Amino acid sequence: MKKLIVLTLVFTIGCIEMQAQNFKPADTKDIALFPQQNGLRNTMNLSGIWKFKVDSNGIGEKEQWYNGLSATLPIAVPGSWNEQYDDIRDYLGLAWYEQNTFIPKSWSGQKIYLRFGSANYAAKVWLNGKPLGIHEGGHLPFAFDITSMISWDAPNRITVQVENLLKPNRVPVGGLPPGGMFSNNPPSNFDFFPYCGLQRPVWLYTIPKNSISDITVKTTLQSTDGTVEIKIKKEGTAKQGKVKLEGDGKTWETAFTSSGNEATAIIKVPDAHVWNTDDPYLYQLTVTLTNGKEITDKYNLDIGIRTIAVDNKHILLNGKPIFLKGFGKHEDFPVFGKGTAYPVIVKDFGLLKWIGANSFRTSHYPYDEEYMKMADKAGILIIDEIPAVGLFFDNNLQGVTERKEMCQQQIRELITRDKNHPSVIMWSVANEPIANNANFNLTRKATADSVSMNFFKDLFKTVKENDDTRLANMVGLQGGPDEWLNLSDVICINRYYGWYTFNGNIGAGAQAFEKELDDLYAKFHKPILVTEFGADAYPGMHTDQPEMFTEEFQTALIKAYLDVAAKKDFVTGMHVWAFADFKTTQGVIRFGGMNWKGVFTRDRKPKAAAFYLRSRWAQQ
Ligand code: BDP
């Protein structure tokens, strides 16, 4: 009997323990407003050196490492783990992070959140040894309400388990069977290094109990007059509020009363100071929530009054054609990996201006929020891309559906995070998906089937349901199906004639490029944006006659493509691939584990092509 009681007890405790290990998926609505410090809200940035431990045998959970990590290594957060230690460069499996921090007493009475800028790829989080939540997808933020779990008089232990295993049904895609000579290591189905870890800042922050939980700003123009529509979501019992817009020495104010938890305010701005690339003017918006007696919450946003649209040949910014000059980029820097590197962000915006660019694509995943804020201020247009790279279609419909749902989750998270940035003009739902009947010698175009067509129709629908004010696109692979392209507002293509085909023959490559542009326009009558074109150039390699891998060849190929595009009034922009050299996986076409198509080196020195682009773009 005694034995039975003991057994029952052990079983019950076991069950409680298992039950307690229930992890809630992060809620997208909690990333709507970036943490803000003001008189009613508090923030604490937890960037710094954390404790770190690799768990290659997957024993951490069983051994309850969430109750305190032992025998740890120091690790920088934000930062990728791969280049901080020389023996874990290619390690993508489980690893644990821990940080201990007091929370100020003055924060009690407010709701307290823990927010991760990103954790690549999957994260499981504990607070003070108790399960807090989980999140999948490595390039978008997530946050959890920790109010009820805080220790007020002792340090709070934050424990995060992260892994970045490459799997076929993850987005981005990896872990596919090796493809012979062109297999790569680690086996990503994309061309950048799968850096891992807590790669963006981690924040603790508060919001008042009666709080503003979301703000969505939409702007329209009637001739020179602007209309700013502000949708507010709130939590708690406070119902009244005020919206104030300030700019050019003028102030507009309007009151609102919420119905349910939502309210809309409209402000008319006669003769608006519009946001554009030459004059990225930002108005200051302040939303205040009151409960009749006192102000309960306040949130500030810098907003731009601008519109974005298309006609059949151009992207239109504020109703006028704008030609996109710029790049596909990466978040990538030595040692930092994909970790947020503020000096590099500042440097890159300087170089974009120096070279005369007005835009870039966040290939192939959403970037740190600081990029978006900088772009708003600098007047740089952004094509904001989810990490849908390496997508493929096969007869495993379950796998296709899993990838689609992951893409949709990331579209919702991205739009929730970035919807108020005037710099963002287009949501990119995929880069170079591969058709079921793809043909890799690129001589014949693949065709779309109903599975893949429905896949992309659903992604575009998700975009338009979440934001009907911007454009949407997918980026087509050379040799990919034309039918997919036509789902986009702007036909977006990556082309490598003269490099991956017609190798070394720029003349023949340019001719093939021109023919394809003409064919696509004749077929779809939509503006075309060349989202990638370029050639690898090993820095310092020269020849008198352009030859592949030299700086002269890269420059000549870029020139030839720009010359072709200049003849076509339906080409609405040219994005060179890439802004800077970047680290990728090892393989026979990636010398030194690097992609050398940057017009700047990895440490941001200009190659010959950068000077050429500057002579062409900065003077226009
Ligand atoms: C394109 C991809 C890009 C690659 C580039 C290349 O979109 O990610 O880095 O090719 O091969 O197909 O350099």
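Everything numeric here is computed off the predicted structure, so don't read it as measured data.

Draft legend 1. Here's a closer look at unusual backbone geometry. The residue after V77, namely P78, is reached through a cis peptide bond having omega 0 degrees. Note on placement: P78 falls in the loop between strand 4 (73–77) and strand 5 (95–101). A cis geometry characterises the amide bond from N185 onward to P186, with omega recorded as -10 degrees. Considering the arrangement of structural elements, one finds P186 in the loop between strand 10 (156–163) and strand 11 (202–207). For S223, which is not glycine, the phi dihedral falls at a positive 55 degrees. When you line up the elements, S223 lands in the loop between strand 12 (211–222) and strand 13 (225–235).

Draft legend 2. The side chain of H364, seen in detail. On the secondary structure map, H364 appears in the loop between strand 23 (359–361) and helix 3 (369–378). Using a relative accessible area of 5% as the deciding quantity, one classes H364 as buried. Of note is the side chain of H364, whose polar atom sits 2.9 Å from the side chain of E385. Apart from the residues within four sequence positions on either side, H364 is in contact with F192, H330, E385, I386, P387, A388, V389, N431, E532 and W577.

Draft legend 3. Structural view of the site of the ligand. Around the ligand, a shell composed of 13 residues is seen, among which D191, H364, E432, Y500 and K597 lie nearest. Contact distances for the ligand include 2.6 Å between an oxygen atom and a side-chain N or O atom of K597. In the complex, 91% of the free accessible area of the ligand, which totals 320 Å², lies under the protein chains. For the shell around the ligand, a count of residues per class yields four nonpolar, four polar and five charged.

Calculation criteria
- Residues numbered from 1 in each chain as written.
- Predicted model: local features only at pLDDT ≥ 70, side-chain atom pairs only at ≥ 80, totals over all residues.
- Heavy atoms only, no water.
- Helix = DSSP H or I, 4+ residues; strand = E, 2+ residues; numbered from the N terminus.
- Buried < 20%, exposed > 50% of the residue type's maximum accessible area, 1.4 Å probe, protein only.
- Polar contact = N/O pair within 3.5 Å; in protein donor to acceptor, adjacent residues only side chain to side chain.
- Contact = heavy atoms within 4.5 Å.
- Near = heavy atom within 4 Å.
- Areas by Shrake-Rupley, 256 points an atom, 1.4 Å probe, with all protein chains shown as cover.
- Nonpolar A, V, L, I, M, F, W, Y, C, P; charged D, E, K, R; others polar.

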